[in-house]
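Summary of the model geometry
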Amino acid sequence: MIHIDKITKKFGKNISLNSVSCDFNAGDSIALMGANGAGKTTLIRMILGYYHADNGKILVNNMDPIKERVEILKEVSFVPQLPPPIKLSVDELLYFIEKSSNISREKIYYYVNEMSLDIKAHLHKSFFSLSGGMKQKLLIGISAAKESSIYIYDEPTANLDPRARENFYKILQERKSSSISLFVTHRIEEVKELVNREIYMDLGEIISDENI
Ligand SMILES: Nc1ncnc2c1ncn2[C@@H]1O[C@H](COP(=O)(O)OP(=O)(O)O)[C@@H](O)[C@H]1O
Ligand SMILES: [Mg+2]
């Protein structure tokens, strides 16, 4: 479902991805690991069509991530490493998501509540003004409410307290297994139960890729 073929991405002289190849298939649940700067976030952004490749090719559900970005994003639930600087109020953001992605607000409330965030008490605040952990819980709740064939989480638990982490993993355990899940994490012990594949990156390359 995700085909990555010799992808190279440079920023100036810096090579962030050096001819990376791999395939992610239905049922894959992957822990993507490696030191800061290894290229994990860049690889995810390439899959989501943020950047043009300097070389190589990516196909997501047989589509080009840049040319068919809108179509692809319909199939993807994504929680970024850093929450985006959204200027809308929480209420406006949820309204926008309901309309654009056809997810019911009740379903979002359900999953946000599963993350132990009482979002109804914060509807009139700007998203921007929420704490880092609250933003993360809200984004996780929204991503869970959106049923997708591809779930991507870039260090999703970095801002979360231990209880919220547990809630997050509980939500993931209930997920159907025909999707692809990709977790960037530094805590392999936390995702061990959830993943069937471990990939390590270093210096823009995949240095190991094992089914477990
Ligand atoms: N938008 C960007 N502009 C310039 N350099 C970038 C950009 N994004 C990433 N890089 C560089 O690419 C390398 C890989 O970064 P990244 O993919 O964020 O690593 P990771 O997520 O594994 O920590 C780093 O050296 C980083 O500085
Ligand atoms: Mg990163």
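Residues numbered from 1 in each chain as written. Chains lettered and ligands numbered in written order. Predicted model: local features only at pLDDT ≥ 70, side-chain atom pairs only at ≥ 80, totals over all residues. Heavy atoms only, no water.

One open sheet accounts for six strands, arranged 5-6-7-3-8-9; its pairing is mixed. In this open sheet, the two strands that pair with only one neighbour each are strand 5 (76-79) and strand 9 (205-211). Each strand axis lies, on average, 15° off the axis of its neighbour in the sheet, ignoring direction. The pairing of strand 3 (residues 29-33) with strand 8 (residues 197-202) spans four bridges and is parallel. Of the residues in strand 8, the one forming a bridge with Met-33 is Tyr-200. (Pairing = 2+ DSSP bridges. Helix = DSSP H or I, 4+ residues; strand = E, 2+ residues; numbered from the N terminus. Axes fitted to C-alpha atoms, helices over the stretch in contact; angles between N-to-C directions.)

Let us look at the sheet that holds strand 4 (residues 55-60). Strand order in the open sheet formed by three strands is 2-1-4, with antiparallel pairing between adjacent strands. Only two strands of the sheet have a single neighbouring strand rather than two, namely strand 2 (14-24) and strand 4. Averaged over all pairs of adjacent strands, the angle between strand axes in this sheet comes to 25°, irrespective of strand direction. As paired strands, strand 1 (residues 2-11) and strand 4 are joined by five bridges and run antiparallel to one another. Of the residues in strand 4, the one forming a bridge with His-3 is Leu-59. Running at roughly 120° to strand 1, helix 1 (residues 40-47) makes contact with strand 1, strand 2 and strand 4 of the sheet. (Contact = heavy atoms within 4.5 Å.)

Residues in close proximity to ligand 1 include Phe-11, Ser-16, Ala-35, Asn-36, Gly-37, Ala-38, Gly-39, Lys-40, Thr-41, Thr-42 and Tyr-51, which together make up its full environment. At 3.3 Å from a nitrogen atom of ligand 1 is found a side-chain nitrogen or oxygen belonging to Tyr-51. When ligand 1 sits alone it has 550 Å² of accessible area, and the protein chains cover 64% of it. Here the residues of the shell around ligand 1 are counted per class, giving four nonpolar, six polar and one charged. (Near = heavy atom within 4 Å. Polar contact = N/O pair within 3.5 Å; in protein donor to acceptor, adjacent residues only side chain to side chain. Areas by Shrake-Rupley, 256 points an atom, 1.4 Å probe, with all protein chains shown as cover. Nonpolar A, V, L, I, M, F, W, Y, C, P; charged D, E, K, R; others polar.)

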